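For reference, the chains in residue letters:
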Amino acid sequence: MTFPSSKTRRALVCAVLATTSVWAQAQSLVMSSTTSTEQSGLFAHLLPAFKKASGLDVKVVALGTGQALDMARRGDADVVFVHDKVAEDKFVADGFGIQRLPVMYNDFLLIGPKADPAGVKGKDIVAALAKLSAGGAAFVSRGDKSGTHAAELRFWKMANLADKKGSGYKECGCGMGPALNIAASSGAYVMADRATWLNFKNRADLAILVEGDQRLFNQYGVMVVNPAKHAHVKRADAQKFVDWITSAAGQGVIADYKIGGEQLFFPNAGK
């Protein structure tokens, strides 16, 4: 019996590894998404169900919405799952996304010290921000062009305080979890999404102070990155994720995700 030479064996091993690598890449896709979907624990709950249904792995890169969209513009993602409708619509209008579809919603909250030294507690986010500005209260802004940051800036604008946020206003340029940590350690106010707040453990004496204002509505959308801009985009696989997350099955998995019996996201695809 003739055995292959060591050189031939190495060549065969390299060929197998290359084939395996290509196969593995074909069985996965990259999603740029928000820190809120990641830090809330949603993806740890959601993606195993998607893999079971499709056989596909999803690599999530969690960034602020603005950064997630920029990543997709560069062609570094196959699908985008974020929460800033104005920015998402522009992404599609500019030809980088094929179609934006609504997936789910929850709401934003104003978090702050339980003692509420600025006296903002209530349902009116605009009135609350006016009090924070007038009193120079410590406020931690994400300052990272995320969906939460974009919403916060809209609320300051509604209050006619876009340039008068108060002496205590500071930007951290960080994700939702780190911003909450800073607020917890410094007794500051902060805007947060409900899902990340419910999954946040290091609350210190922080509490929800403003909620229930219809203006705090927080919608999430999903888009396949347009292969006309970047030919390597895995459109078919990305479309499988979009089809699944907006289907009855995917929407049911979202609705089932709860912490302490409280639902974090509310599916609304097709509405």
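Attention now moves to the packing of helix α6 (residues 125-135) against helix α7 (residues 147-158). Two elements in contact, α6 and α7, have axes whose closest approach is 9 Å; the angle formed by their N-to-C orientations is 80 degrees. Comparing their axes, α7 and α6 come out roughly perpendicular. Between α6 and α7, the contacting residues are I125, V126, L129, L132 and S133 on the first element and F155, W156 and M158 on the second. Broken down by class, the residue content of the contact of α6 with α7 amounts to seven nonpolar, one polar and no charged.

Simply put, disulfide is the name for a covalent bond between the sulfur atoms of two cysteines. Evaluated as defined, the whole model comprises one disulfide. Paired through a disulfide, C172 and C174 show a sulfur-sulfur distance of 2.0 Å. With the S-S bond torsion at -85 degrees, the cross-link from C172 to C174 turns out left-handed. The buried category is assigned to C174, whose relative accessible area is 14%.

On to the packing of helix α3 (residues 42-54) against helix α11 (residues 248-256). Interaxial distance between α3 and α11 falls to 9 Å at its minimum, and their mutual angle equals 155 degrees. Regarding the angle of α3 to α11, the classification is roughly antiparallel. Relative to α11, the crossing made by α3 is right-handed. Contacts between α3 and α11 involve H45, L46 and A49 from the first element and G250, V253, I254 and D256 from the second. Here the contact of α3 with α11 is composed, by residue class, of four nonpolar, two polar and one charged.

A few words on the environment of A138. For A138, the location among the structural elements is in the loop between α6 and β5 (139-141). Linking A138 and A207, residues 69 residues apart in sequence, is a C-alpha distance of 15 Å. Contact partners of A138, with chain neighbours within four places excluded, come to G168, A188 and Y189.

Before going further, it helps to examine the packing of aromatic side chains. This structure, assessed with the given rule, holds 14 aromatic pairs. Taking the centre distance of 5.5 Å and the plane angle of 55 degrees together, the rings of F50 and W244 count as tilted. Remark: W244 occurs in helix α10 (residues 235-245) and F50 occurs in helix α3; sequence separation between them is 194 residues. No difference in accessibility class separates F50 from W244, as the two residues are buried.

Let us look at unusual backbone geometry. Despite not being glycine, N160 has its phi angle at roughly 60 degrees, a positive value. Take N160: it is sitting in the loop between α7 and β6 (169-171). In this structure, A204 takes a positive phi of about 50 degrees despite not being glycine.

Conventions we followed
- Every residue gets a number counted from 1 within its own chain, in the order that chain's sequence is written.
- In keeping with the model being predicted, local features are shown solely for residues with a pLDDT of at least 70 and side-chain atom pairs are shown and tallied solely at 80 or more, while totals for entire chains, interfaces and linings include all residues.
- In computing side-chain values, all of the structure's heavy atoms are included and hydrogens and water are not.
- To obtain an axis, a line is fitted to C-alpha atoms, over the contacting stretch when the element is a helix, and the angle between two such axes runs from 0 to 180 degrees between their N-to-C directions.
- Strands here mean DSSP runs of E at least two residues long; helices mean DSSP runs of H or I at least four residues long; both are numbered from the N terminus.
- Small angles under 35 degrees read as roughly parallel and large ones over 145 as roughly antiparallel, with 65 to 115 read as roughly perpendicular and the rest as oblique.
- Residue contacts are defined here by distance: any two heavy atoms, one from each residue, within 4.5 Å place the two residues in contact.
- Gly falls in the polar group here, along with every residue not listed as nonpolar (Ala, Val, Leu, Ile, Met, Phe, Trp, Tyr, Cys, Pro) or charged (Asp, Glu, Lys, Arg).
- Any pair of cysteine sulfurs within 2.5 Å is marked as a disulfide.
- Remark: exposure states derive from per-residue accessible area (1.4 Å probe, protein chains only) relative to the maximum for the residue type, with buried under 20%, exposed over 50%, and partly exposed in between.
- Definitions for this section: a left-handed crossing has its near helix turned counterclockwise from the far helix by less than a right angle. A right-handed crossing has that turn clockwise.
- Aromatic pairs are defined between Phe, Tyr and Trp rings, using the six-membered ring for Trp, whenever the two ring centres lie within 6.5 Å; interplanar angles under 30 degrees are classed as stacked, those over 60 as edge-to-face, and all others as tilted.

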